[in-house]
Amino acid sequence: MAVSGAVDPGPPAAAAAPSPAPAGAPAPEHLFRPISAEDEEQQPTEIESLCMNCYRNGTTRLLLTKIPFFREIIVSSFSCEHCGWNNTEIQSAGRIQDQGVRYTLTVRAQEDMNREVVKTDSATTRIPELDFEIPAFSQKGALTTVEGLISRAISGLEQDQPARRANEEAVAKRIDEFIVKLKELKQVASPFTLIIDDPSGNSFVENPHAPQKDHALVVTHYNRTPQQEEMLGLQAEPPPEEKPEEEDLRNEVLQFNTNCPECNAPAQTNMKLVQIPHFKEVIIMATNCENCGHRTNEVKSGGAVEPLGTKITFHITDPLDLTRDVLKSETCSVEIPELEFELGMAVLGGKFTTLEGLLKDIQELVTKNPFTLGDSSNPGQMEKLQEFSRKLDQILQGDMKAHFIMNDPAGNSYFQNVYAPEDDPHMKVEHYERTFAQNEDLGLNDMKTEDYETGLAPQR
């Protein structure tokens, strides 16, 4: 069963002349300011708009703000003083992410119903136990909770029930029975699964146990299909042209034009093929925006998936250990047992940096969680983050010894061995057979490279 966003009658129609800008309004280059309850200058813009309920003029308020992990968003709120109708929604003002994201949450207790959720209009919501689905683009984007998502679905189903009871009594009866099941979910009488699948990659589900791993929440990043690219209005990349002769790119830095992911201004990306000693070839891409100063780098493996997975365990005992080079691929997970911390695959992407640089990236990623800052935080979460940050600072300053574990099922990650070609006494490298689940994550179970034409022979 599917539900549309009937509960939202639609956007607040055509806007009339905007009201004068409030005093102290930010300059155009600072339209999207970080969200903060203490920023008195961050005021919404008011626009006189037509009410689609009574067709008289109401007021639309727009707030352009920035949330960590969700980039820029536009929060809009419409209210009509004549008929009392109101409508709120959020829209992503940032770019579509490089990969889609799928959140699979197992709801077991009432606390899970209070998890905050950022759901964009391109996200699909499913509850497999009820065979229930809210299709993409059927509801406006919302900042709500798990319980709020279910309540919104119930309101959408109940809205047209009076008309159905008059014209289609059998259909109305089945929908009433289904609404009862949805209301039972809010009581969490039995566990159920909530799946939010967003091809744009801009949705988010709260992890209340941060910085520890959330065992009830599985986050999967994936490449979009051509149908999803078309749904988002993205133009598919044309197939690369075949070159008659293979070019040697080892001694050449390639440059191509792109747009800055922060300010969207024209920028240039440099790409180079690099041979890492005692390892393999990798592709390093770096973007530097001259307009806003934003810098980013990304590393891709230049070879195939290795026959065996690799697990690297390094014992940090000296501040000089933080200067070692580290290559973390997109398929590599990171674990620090002393901090009870685990970083999943594809969270930070591919990086070629030092151990100190990677630890600082992890610290920035954890401490800037949008649901642990400002009004969304609670004392327990803040204490956990402060304790995690304090211990990580001790490791960075060389005051605390710790183990740094890199687990890459694809075998494409690297940790510098300063004793090479001899063994490093503080580093242990293990090669292991991948499990079926790991091969599934890498897309290897469905890949057939030998005798793949055997099944087609009888048809020829």
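Look up: the structure comes first, before these words.
Just so it is clear, the structure is predicted and the values come from calculations on it, not from any experiment. (Residues numbered from 1 in each chain as written. Predicted model: local features only at pLDDT ≥ 70, side-chain atom pairs only at ≥ 80, totals over all residues. Heavy atoms only, no water.)

### Notes on the packing of helix α2 (residues 146–158) against helix α4 (residues 169–186)
The following threshold applies: Here an angle of 0 to 180 degrees is reported between the N-to-C directions of two axes, which are lines fitted to C-alpha atoms, with helices fitted over the stretch in contact. Numbering of helices and strands runs from the N terminus; a helix is a DSSP stretch of H or I covering at least four residues, while a strand is a stretch of E covering at least two. Geometric relationships in this document are graded by angle, where less than 35 degrees denotes roughly parallel, more than 145 denotes roughly antiparallel, 65 to 115 denotes roughly perpendicular, and other angles denote oblique. Crossings are classed by handedness, with left-handed meaning an anticlockwise turn of the near helix from the far one by less than a right angle and right-handed meaning a clockwise turn. In this analysis, two residues are considered to be in contact whenever any of their non-hydrogen atoms come within 4.5 Å of each other.
Between α2 and α4, the shortest axis-to-axis distance is 10 Å and the interhelical angle comes to 165 degrees. Between α2 and α4, the angle falls in the class roughly antiparallel. As for the relative orientation of α2 and α4, their crossing is left-handed in sense. Touching Glu 147, Ile 150, Ser 151, Ile 154, Leu 157 and Glu 158 of α2 are Ile 175, Phe 178, Ile 179, Leu 182, Lys 183, Leu 185 and Lys 186, all from α4.

### Some details on the sheet that holds strand β12 (residues 192–198)
For clarity, the threshold we go by: We treat two strands as partners when DSSP finds at least two bridges between them.
Reading across from one edge, β10-β9-β12-β7-β14 is the order of the five strands in this open sheet, with antiparallel pairing throughout. Every interior strand has two partners, whereas the edge strands, β10 (132–134) and β14 (217–222), have only one. Each strand of the sheet is rotated relative to its neighbour by a mean of 15 degrees, with strand direction disregarded. Relative to β10, strand β9 (residues 124–127) is paired through three bridges, and the arrangement is antiparallel. Counted as the bridge partner of Arg 126 is Glu 133 from β10. Across the face of the sheet, α2 comes into contact with β7 (100–107), β10 and β12 while running at roughly 85 degrees to β12.

### Considerations on the sheet that holds strand β26 (residues 427–432)
In space, the five strands of this open sheet follow the order β22-β21-β24-β19-β26, with antiparallel pairing throughout. This sheet does not close on itself; its edge strands, each paired only once, are β22 (341–343) and β26. Direction aside, the axes of adjacent strands within the sheet are offset by 15 degrees on average. Alignment of strand β19 (residues 309–316) against β26, held across six bridges, turns out to be antiparallel.

### Brief notes about the environment of Pro 208
Looking at the element boundaries, Pro 208 is found in the loop between β13 (204–205) and β14. Residues Pro 208 and Glu 111 lie 97 residues apart in sequence; the distance between their C-alpha atoms is 9.4 Å.

### Remarks on the pattern of salt bridges
The criterion, for reference: When a carboxyl oxygen of Asp or Glu lies within 4 Å of a side-chain nitrogen of Lys or Arg, that pair is called a salt bridge. The rule is simple: take the accessible area with a 1.4 Å probe, protein chains only, and divide by the maximum for that residue type; under 20% is buried, over 50% is exposed, in between is partly exposed.
Summed over all chains, the structure comprises 14 salt bridges. Arg 224 is the partner of Glu 229 in a salt bridge, and the nearest nitrogen-oxygen pair spans 3.5 Å. Here Arg 224 falls in the buried class, since its relative accessible area comes to 14%. The partner of Lys 391 in a salt bridge is Glu 387, with the nearest N and O atoms 3.8 Å apart. Here Lys 391 pairs with Glu 387, and both are found in helix α7 (residues 379–396), just four residues apart, close to one helical turn. Residue classification places Lys 391 among the partly exposed positions, given a relative accessible area of 27%. Ionic contacts of the salt-bridge type, sharing partners, join the residues Asp 112, Arg 115 and Asp 214 into one network.

### Looking at the nonpolar core
So the rule is basically this: Buried Ala, Val, Leu, Ile, Met, Phe, Trp, Tyr and Cys residues that are joined via side-chain atoms within 4.5 Å together make up what is termed a nonpolar core.
Core analysis: the biggest nonpolar cluster contains 32 residues, and Phe 132 and Leu 182 have the highest contact counts within it. Where this core is concerned, the elements lending two or more residues are β7, β8 (116–119), β10, α2, α4, β12 and β13. The leading source of residues in this core is α2, at six residues. Excluding residues that lie within four positions of it along the chain, Leu 182 makes contacts with Leu 130, Phe 132, Ile 150, Ile 154 and Leu 157. With 29 residues, the next largest nonpolar core counts Phe 314, Leu 343, Leu 359 and Ile 395 among its residues.

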